[in-house]
Amino acid sequence: MKNELRFFVTSGLLSLAAMTMYSEDVNRLVVNSEVKGAEIPSTMYGVFFEDINYGADGGLYAEKIKNRSFEFPQALMGWTTFGKVKVKDDGPFERNPHYVVLSDPGHPEKRTGLMNEGFFGVSFEKGEEYRFSVWARCETDHGSKITVELIDPSSQGESQVMASVDVEIEGSDWRKYVAILSPSETVKDGRLRIFLNSKSAVDLEHVSLFPVETWMGHENGLRKDLVEKLHALKPGVFRFPGGCIVEGTDLDTRYQWKNTVGPVENRPLNENRWHYTFPHKFFPDYFQSYGLGFFEYFQLAEELGSEPLPVLNVGLICQYQNWDENVQPHVDELEPYIQDALDLIEFANGDTLTEWGGLRASMGHKEPFDLKFIAIGNEQWDEIYPQHLEPFVKAIRSRYPEIKIIGSSGPQSEGEDFEYLWPEMKRLKVDLVDEHFYRPEKWFLSQGGRYDSYDRDGPKVFAGEYACHGSGKKYNHFNASLMEAAFMTGLERNADVVEMATYAPLFAHVEGWQWRPDLIWFDNLQSYPTSSYYVQQLYSTNKGTNVVPVTMNGSWVKGDEDQNGLFASGVYDSNDGSYIVKVVNTGKTSQQLEIELKGLNDLEYCETIILESFDGGDAENSLSNPSKIIPMKGILPTYGNHVNAEIPAESMMVFRVAEKK
Ligand code: AHR
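The residue numbers shown here count from 1 along each chain, following its written sequence. The predicted origin of the model limits local features to residues at a pLDDT of at least 70 and limits the giving and counting of side-chain atom pairs to 80 or more, whereas totals for whole chains, interfaces and linings rest on all residues. Excluded from the side-chain calculation are hydrogens and water; included are all heavy atoms of the structure.

1. Things to note about the overall build of the protein
Heads up, the condition is: Secondary structure elements follow DSSP: runs of H or I no shorter than four residues count as helices, runs of E no shorter than two count as strands, and numbering proceeds from the N terminus. We compute the radius of gyration over the C-alpha atoms and compare it with the globule rule, which gives 2.2 Å times the number of residues raised to the power 0.38. Accessible area is worked out with a 1.4 Å probe on protein chains only. A residue is then buried under 20% of its type maximum, exposed over 50%, and partly exposed in between. The contact rule is simple, with two residues in contact once any of their heavy atoms fall within 4.5 Å. Areas reported as accessible are Shrake-Rupley estimates using a 1.4 Å probe. Residue values count occlusion only from the protein chains shown. Charge assignment in this entry is limited to Lys and Arg as positive and Asp and Glu as negative, and neither His nor the chain termini are counted. In this description, the location of a charge corresponds to atom NZ of lysine, CZ of arginine, CG of aspartate or CD of glutamate.
From N to C terminus, the protein includes ten helices and 36 strands. The globule rule puts the C-alpha radius of gyration for 661 residues at 26 Å, and the 27 Å found for the protein is close to it. C-alpha extents for the protein along the principal axes are approximately 90 × 60 × 45 Å. When each of the 661 residues of the protein is scored for burial, the buried share is 62%. Put simply, of all contacts in the protein between residues at least 6 apart along the chain, 77% involve residues at least 24 apart. Surface exposure of the protein reaches about 25000 Å², of which carbon and sulfur atoms provide 48%. The averaged location of the 100 negative side-chain charges in the protein is 3 Å from the averaged location of its 62 positive side-chain charges.

Take a look at the structure:
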């Protein structure tokens, strides 16, 4: 990650540390190193990706051309055409049959061609290379020529053209042509323009433009800066592809993973429900090209070192949008949905001689992806959900007993549906239950102890979607992150029952968002992590291997505001023998801490990381000020097995200590 943590030592921390503090005002944290509690699952802190806020097309997926296959309902959406341009529908790709024909305009000074507006512009950078590709054929065997340009529409005349290349189209059969463009300037809101440059007509299909430098250099690749930010989170699990888009507004628009694999040119377009879900955030050009499909998701999970966690449709379309149960598939009609789930497991893990394992191999991954988890259903509720889930559980258990199944507790964090679904999930013996909570500050402050009393013998918890949505304020301000940090001490203390947790949503384009807050924001050229991102990172990169018990002022840490606004958790890290204590001060005043590592002798060091806002709880990072709130590293002296510190008001601190060898 480029945005390195800054090093600092505060003089205040050092001077306070010089004394052993036993006054009334000192909060005494005792970390019992003699007890190595529950193992912290490797999946504990992960990421959840959904194509919302232009997260995939126009975001993570590095394709710069919108409607590259002319398959949007309005075939030329995103394109401006000039001269003699026709759309035809008998192209080489069965599931994407449309293409354009550029013909001679009939006069040497006239022009035929088309121009793509990209996603909020076609951006390109000086010094970078871009791979243009197109499927094309020409009318005659004499050949045709096109000129491809990257332009800056805000400049005039020839100076508009930032890169240009001629592509000779050689025959009357469909072939793929590739050319590299190297722009002379950086432009955020540019265009791709194509001219016919010959007498004979040319047919063009699947017009594509990618940066050459994508994450890991994949040609059908992902934006490097965005994946680097994911990589720096060290996510233990990668949940995809949603979210509500799994369900669809109707049956046709549900997410069908089989449409997202195989050659990209032949992956059919799907509507993206977020194009119209919020009428005040209407994006009529928001579709899913599926260029980022299940193969790419599995590959990304592997490259991130995360467990892949696909979510599949349970044979129910979005219940928010389809209140009438009669429009839902009947429980007797689930066979194709269940088969999709079984086939997906074969796609991920199957031998290359199997149908779906063979497809995976043909896409470049002979080895299995080692899928261990599958979620069936997203935010479902009422009796219809367990009725639908049950046959999936039976079929998956019987064929793939090693796969862990994740069920849902619905969209609410408590209440009637939640109370109904948890026992149902236990009855069905799913392995984990997905809980969602987009809740205000108060909720997060009161829920640090949420999992203390959960049944240890039932399914584990997957906190699959959560974020503090400030009451009144609903954006990525620091105070919301602080609430999440406080709440997460409770996840960590309960690592024996909470197996995974993923903040949501992950990405948002500054010009194309539908939902906020989000973890990472971007425009076409840049991106920045929010303060919530840093909270996630402080947990995931300091997650340790075992929970250790912590008391505060003589009582177990509880996970609510009553302990002077302090929240805490402790872990042991068997990798280096260190102990890590996380303390979150949600109060308005700084607090003195005395941390004792019971059972240890002399401590060798105490490294600290602090996350705080110097501009108050409303401050947030932004494209223009991406580092306003970032974690800062420091060191503190140790006294025997003690560390003394002052934790500032409204801040999170991580202390890492180890015994002298
Ligand atoms: O994360 C945004 C949406 O919130 C998800 O699609 C859905 O599961 C939840 O309602």
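Okay, back to it.
2. Quick notes on the sheet that holds strand β26 (residues 527-529)
How we decide: Strand pairing is defined by DSSP finding a minimum of two bridges between the two strands. Every axis corresponds to a line fitted to the C-alpha atoms, with the helix fit spanning only the stretch in contact, and the corresponding angles, defined between N-to-C directions, vary from 0 to 180 degrees.
Reading across from one edge, β24-β25-β26 is the order of the three strands in this open sheet, with mixed pairing throughout. At either end of the open sheet lies a strand with only one pairing partner, and these are β24 (507-509) and β26. The sheet shows a mean angle of 20° between the axes of neighbouring strands, direction not considered. Where β24 lies against strand β25 (residues 520-522), three bridges are found, and the strand directions are parallel. Following the sheet pairing, Phe507 is matched in β25 by Ile520. Across the sheet, helix α2 (residues 224-231) touches β24, β25 and β26, and the angle it forms with β26 is around 15°.

3. Structural notes on the confidence of the model for the protein
Counted only if it meets this: How sure the predictor is of each residue is captured by pLDDT, a score from 0 to 100.
Taken as a whole, the protein shows an average pLDDT of 95; of its residues, 96% reach a score of 70 or greater. Within the model, the stretch residues 1-23 combines pLDDT values under 50 with 50 contacts to residues more than four positions away or in other chains.

4. Notes on the environment of Lys66
With respect to the helices, strands and loops of the structure, Lys66 is situated in the loop between β3 (45-48) and β4 (79-82). The spatial distance from the C-alpha of Lys66 to the C-alpha of Gly118 is 5.0 Å, given a sequence separation of 52 residues.

5. Structural notes on the site of the ligand
Keep this limit in mind: For each residue, the test is whether any non-hydrogen atom lies within 4 Å of the molecule or strand; if one does, the residue is near. Think of a polar contact as two N or O atoms within 3.5 Å of one another; within protein, one of them needs to be a possible hydrogen donor and the other a possible acceptor, and neighboring residues in sequence only count if both atoms come from side chains. Nonpolar residues are Ala, Val, Leu, Ile, Met, Phe, Trp, Tyr, Cys and Pro. Charged residues are Asp, Glu, Lys and Arg, and all others, Gly as well, are polar.
With respect to spatial proximity, the complete set of residues near the ligand consists of Glu50, Gly243, Cys244, Trp274, Asn378, Glu379, His436, Tyr438, Glu465, Pro505 and Trp515. Residue Cys244 places a main-chain N or O atom 2.8 Å away from an oxygen atom belonging to the ligand. In this structure, an oxygen atom belonging to the ligand sits 2.7 Å away from a side-chain N or O atom of Glu465. For the ligand, the accessible surface in isolation is 280 Å², of which the surrounding protein chains cover 96%. When its residues are assigned to classes, the shell around the ligand shows five nonpolar, three polar and three charged.

6. Some details on the pairing of strand β21 (residues 432-439)
For β21, a buried count of eight out of eight residues is recorded, marking the element as mostly surrounded by other parts of the structure. Two elements, strand β20 (residues 404-408) and β21, share three bridges in a ladder whose sense is parallel. Paired with Ile406 across the bridge in β21 is Leu432. Here β21 runs beside strand β22 (residues 460-468); their pairing, made up of eight bridges, is parallel. By the bridge assignment, Arg439 is partnered in β22 with Cys468.

7. Concerning unusual backbone geometry
The linkage connecting Gly242 with the following residue, Gly243, adopts the cis geometry, with an omega of 20°. Turning to its location among the elements, Gly243 is positioned in the loop between β15 (237-240) and β16 (270-271). In this structure, the amide linkage connecting Arg516 to the following residue, Pro517, adopts the cis form with an omega of 5°. A positive phi angle, near 55°, is found at Phe120, a position not held by glycine.

8. So, a negative patch on the surface
What counts, and what does not: To count toward a patch, a residue needs a relative accessible area above 30% and no salt bridge. Like charges then connect within 9 Å, nonpolar side chains (Val, Leu, Ile, Met, Phe, Trp, Tyr) within 5 Å. Any carboxyl oxygen of Asp or Glu that lies within 4 Å of a side-chain nitrogen of Lys or Arg is treated as forming a salt bridge with it.
Taken together, Asp324, Glu325, Asp382, Glu383 and Glu416 make up a surface patch of like negative charges. The residue Glu416 is located in helix α7 (residues 416-427) in this model.

9. Thoughts on helix α5 (residues 355-362)
Just so we agree on the cut-off: Note that the arc is computed from the directions linking the helix axis to the C-beta atoms.
Trp356, Gly357, Arg360 and Ala361 are the residues of α5 that are buried. Seen along its axis, α5 keeps its buried residues to an arc of 145°; they face one direction. Among the exposed residues of α5, those pointing more than 90 degrees away from its buried face are Glu355 and Ser362. Tucked inside the fold, the buried residues of α5 contact α3 (294-304) and α4 (335-349). Downstream of α5 by one or two residues, Gly364 has phi in the positive range, about 110°.

10. Concerning the packing of aromatic side chains
What counts here: Stacked, tilted and edge-to-face are the three classes applied to pairs of Phe, Tyr and Trp rings, where Trp contributes its six-membered ring and a pair requires centres within 6.5 Å; stacked means planes under 30 degrees apart, edge-to-face means over 60, and tilted covers the rest. We count a charge as sitting over a ring when the NZ of a lysine or the CZ of an arginine lies within 6 Å of the ring centre and within 35 degrees of the ring normal.
Evaluation of the coordinates by the stated rule reveals 48 aromatic pairs. Judged by centre distance (5.1 Å) and plane angle (65°), the rings of Trp257 and Trp356 are edge-to-face. With Trp257 in the loop between β15 and β16 and Trp356 in helix α5, this residue pair connects regions lying 99 residues apart in the sequence. Considered together, Trp257 and Trp356 belong to a single accessibility category, that of buried residues. Judged by centre distance (6.3 Å) and plane angle (50°), the rings of Phe298 and Phe347 are tilted. Placement of the pair is Phe298 in helix α3 and Phe347 in helix α4, with a sequence separation of 49 residues. Note on Phe347: relative accessible area 0%, which makes it buried. When the ring centre of Phe195 is taken as reference, the NZ or CZ atom of Arg111 above it lies at 4.3 Å.

11. Observations concerning the pattern of salt bridges
A full pass over the atoms with the stated rule returns 39 salt bridges. For the salt bridge of Lys582 with Glu492, the shortest nitrogen-to-oxygen distance reads 2.8 Å. Of the two residues, Lys582 is situated in strand β31 (residues 578-585) and Glu492 in helix α9 (residues 478-493); the sequence distance between them amounts to 90 residues. With relative accessibility at 1%, the residue Glu492 sits in the buried group. Overlapping salt bridges, with partners in common, bring together Glu414, Glu435, Arg439 and Arg450 in one network.

12. Section: the packing of α9 against helix α10 (residues 531-540)
How we decide: When an angle is under 35 degrees it counts as roughly parallel; over 145 it counts as roughly antiparallel; between 65 and 115 it counts as roughly perpendicular; any other value is oblique. Rotating anticlockwise by less than a right angle from the far helix to the near helix defines a left-handed crossing, while the corresponding clockwise rotation defines a right-handed one.
Between α9 and α10, the least distance of the axes is 8 Å, while the angle of their chain directions is 20°. The angle between the axes of α9 and α10 places the two elements in the roughly parallel class. Every pair of crossing elements has a handedness; the one defined by α9 and α10 is right-handed. Residues Phe478, Ser481, Glu484, Ala485, Met488, Thr489 and Glu492 of α9 touch α10, and the partners they reach there are Ser531, Ser532, Val535, Gln536 and Tyr539. Its residues placed into classes, the contact of α9 with α10 shows five nonpolar, five polar and two charged.

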